Amino acid sequence: MRGLLLPLMLGLTGCATSVQRLDGEIRVPTGDAVTPCEQADWLVVAPTRTEWAERGRKTTDTRDDALGLYRVGASFPESIPGLADELPASPMVERHQSAASSYDNQRIAAAALGAAGVAAIAIGTIVFINAFETTSTRNSAGVMEDKQTVAGGRAALGGVLVGVGFGIGIGGILVSPRQSERARGDSARYTFLPPDDTREEVVHLADEHNRRVRERCAKPGGPAGD
């Protein structure tokens, strides 16, 4: 049964492997970070490769027209939902938050079912094993003999729990996101894709964010000179 749970847990905790930064950057009006303070929180817009699948499709397509938001010098994009508190309010960001949350809920449900299945199998196995008892009695010749007895109710309960555990585990596999769903979830979390997401809006988000960073770092007594 661990074979049922392992892919679910890996899917829940693993990193996105279908997203890759491409060469070059998209110019933002605020320009480049100047001070170490700015560099710590600055966002760079860069072309990004992602795997994408339209809803209802089982196969994915590689797209090189996506955009990602990166910290200075980073090779992997920031999570869009993770940046929600730093970016200006935007329906586009909210849409990505919703899509990533839906995918996360599906992964969590699958992992929870897998864990519950393993627990039920473990408990059922213990109950079943404990249903067998060995007692020692002395026969008519005075020799000790071992006699095994079975508590039928406990054995039956253990078997039922094991069966239920397998059923729950299989249910977890059935609701686990497929490859196309994982690709779509990772893409929604890390990249902006046309035509729903426009380059102008992505640049605007990064520019407004960087302006705030520059203003914060330039305040008297602030960390601008770090």
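See the structure above.
Read on for a plain summary of the structure. (Residues numbered from 1 in each chain as written. Predicted model: local features only at pLDDT ≥ 70, side-chain atom pairs only at ≥ 80, totals over all residues. Heavy atoms only, no water.)

Looking at the overall build of the chain
Now for step 1: Within the chain, the regular secondary structure consists of 6 helices and 5 strands.
Now for step 2: Among the 226 residues that make up the chain, the fraction classed as buried is 37%.
Now for step 3: Sequence separation of 24 or more characterises 71% of the internal contacts of the chain that already satisfy a separation of 6 or more.
Now for step 4: By element, 56% of the accessible surface of the chain is carried by carbon and sulfur atoms, the whole surface being about 12,700 Å². (Helix = DSSP H or I, 4+ residues; strand = E, 2+ residues; numbered from the N terminus. Buried < 20%, exposed > 50% of the residue type's maximum accessible area, 1.4 Å probe, protein only. Contact = heavy atoms within 4.5 Å. Areas by Shrake-Rupley, 256 points an atom, 1.4 Å probe, with all protein chains shown as cover.)

Points about the state of the cysteines
Now for step 1: Here the structure, examined in full by the defined rule, presents 1 disulfide.
Now for step 2: Through a disulfide, Cys-37 is tied to Cys-217; the S-S separation comes to 2.0 Å. For the disulfide bridge between Cys-37 and Cys-217, the dihedral angle about the S-S bond is near -80 degrees, and by the sign convention the bridge is left-handed. Placement of Cys-37 in helix α2 (residues 36–41) and of Cys-217 in helix α6 (residues 199–218) is noted, with a sequence separation of 180 residues between them. Of the two residues examined, Cys-37 and Cys-217, each falls in the buried class. (Disulfide = S-S within 2.5 Å.)

A closer look at the nonpolar core
Now for step 1: In this structure, Val-45, Leu-69, Leu-87, Phe-192, Val-202 and Leu-205 are the most contacted members of the largest nonpolar core, which totals 16 residues.
Now for step 2: Here the element with the most residues in this core is α6; it accounts for 4 residues.
Now for step 3: Other than its neighbours up to four places away in sequence, Val-202 contacts Val-45, Leu-67, Leu-69, Met-92 and Phe-192.
Now for step 4: Of all hydrophobic cores here, the second largest spans 8 residues; its members include Ala-33, Ala-46, Tyr-70 and Cys-217. (Core = buried A, V, L, I, M, F, W, Y, C linked by side-chain atoms within 4.5 Å.)

Remarks on the environment of Arg-138
Now for step 1: Relative to the helices and strands, Arg-138 resides in strand β4 (residues 132–138).
Now for step 2: Exposure remark for Arg-138: the relative accessible area of 57% places this residue in the exposed category.

Digging into the packing of helix α3 (residues 91–130) against helix α5 (residues 179–190)
Now for step 1: Two numbers describe how α3 lies on α5: the axes approach to 8 Å, and their chain directions differ by 140 degrees. In terms of orientation, α3 and α5 fall into the oblique class. α3 and α5 meet at a crossing whose hand is left-handed. On α5, the residues that touch His-96, Ala-99, Ala-100, Tyr-103, Asp-104, Gln-106 and Arg-107 of α3 are Glu-181, Arg-182, Gly-185, Asp-186, Ala-188 and Arg-189.
Now for step 2: Of the residues in the contact of α3 with α5, the class split is 4 nonpolar, 3 polar and 6 charged. (Axes fitted to C-alpha atoms, helices over the stretch in contact; angles between N-to-C directions. Parallel < 35°, antiparallel > 145°, perpendicular 65-115°, else oblique. Left-handed = near helix turned anticlockwise from the far one by under 90°. Nonpolar A, V, L, I, M, F, W, Y, C, P; charged D, E, K, R; others polar.)

A look at unusual backbone geometry
Now for step 1: Look at the link from Pro-194 to Pro-195: it is a cis peptide, with omega at 5 degrees.
Now for step 2: Locating Pro-195 in the fold gives a position in the loop between α5 and α6.

Here's the deal with the sheet that holds strand β1 (residues 19–21)
Now for step 1: Spatial ordering of the open sheet is given by β1-β2-β3, a layout of 3 strands whose pairing is antiparallel. Looking along the sheet, the strands with just one partner apiece sit at the ends: β1 and β3 (61–71). In this sheet, neighbouring strand axes are inclined to one another by 35 degrees on average, regardless of whether the strands run parallel or antiparallel.
Now for step 2: Pairing geometry for strand β2 (residues 43–52) and β3, over 9 bridges, is antiparallel. Considered in β3, the bridge of Thr-50 is made with Arg-63.
Now for step 3: Against the sheet, α5 engages β1, β2 and β3, with an angle of about 170 degrees to β2.
Now for step 4: Along the sheet face, α6 touches β2 and β3 and points at about 15 degrees away from the line of β3. (Pairing = 2+ DSSP bridges.)

Focus on the packing of aromatic side chains
Now for step 1: Going through the model one piece at a time under the given rule, you end up with 1 aromatic pair.
Now for step 2: Here Arg-21 stacks its cationic end above the ring of Tyr-70, 4.6 Å away from the centre of that ring. (Phe/Tyr/Trp six-rings, centres within 6.5 Å; stacked < 30°, edge-to-face > 60°. Lys NZ or Arg CZ within 6 Å of the ring centre and 35° of its normal.)

Comments concerning the side chain of Thr-48
Now for step 1: As for its position among the elements, Thr-48 is in strand β2.
Now for step 2: Residue classification places Thr-48 among the buried positions, given a relative accessible area of 0%.
Now for step 3: Side-chain polar atoms of Thr-48 contact the backbone nitrogen of Gly-68, separated by 3.2 Å. (Polar contact = N/O pair within 3.5 Å; in protein donor to acceptor, adjacent residues only side chain to side chain.)

Some details on the pattern of salt bridges
Now for step 1: Tallied over the full model, the rule gives 10 salt bridges.
Now for step 2: A salt bridge links Glu-38 to Arg-214, with the nearest nitrogen and oxygen atoms 2.9 Å apart. With Glu-38 in helix α2 and Arg-214 in helix α6, the pair connects residues that are 176 residues apart, well separated along the chain.
Now for step 3: Residue Arg-214 is classed as partly exposed on the basis of its relative accessible area, which comes to 27%.
Now for step 4: In this structure, the salt-bridge partner of Arg-63 is Asp-65, at a minimum N-O distance of 2.9 Å.
Now for step 5: Salt bridges sharing common partners tie together Arg-71, Glu-78 and Glu-86. (Salt bridge = Lys/Arg side-chain N within 4 Å of Asp/Glu carboxyl O.)

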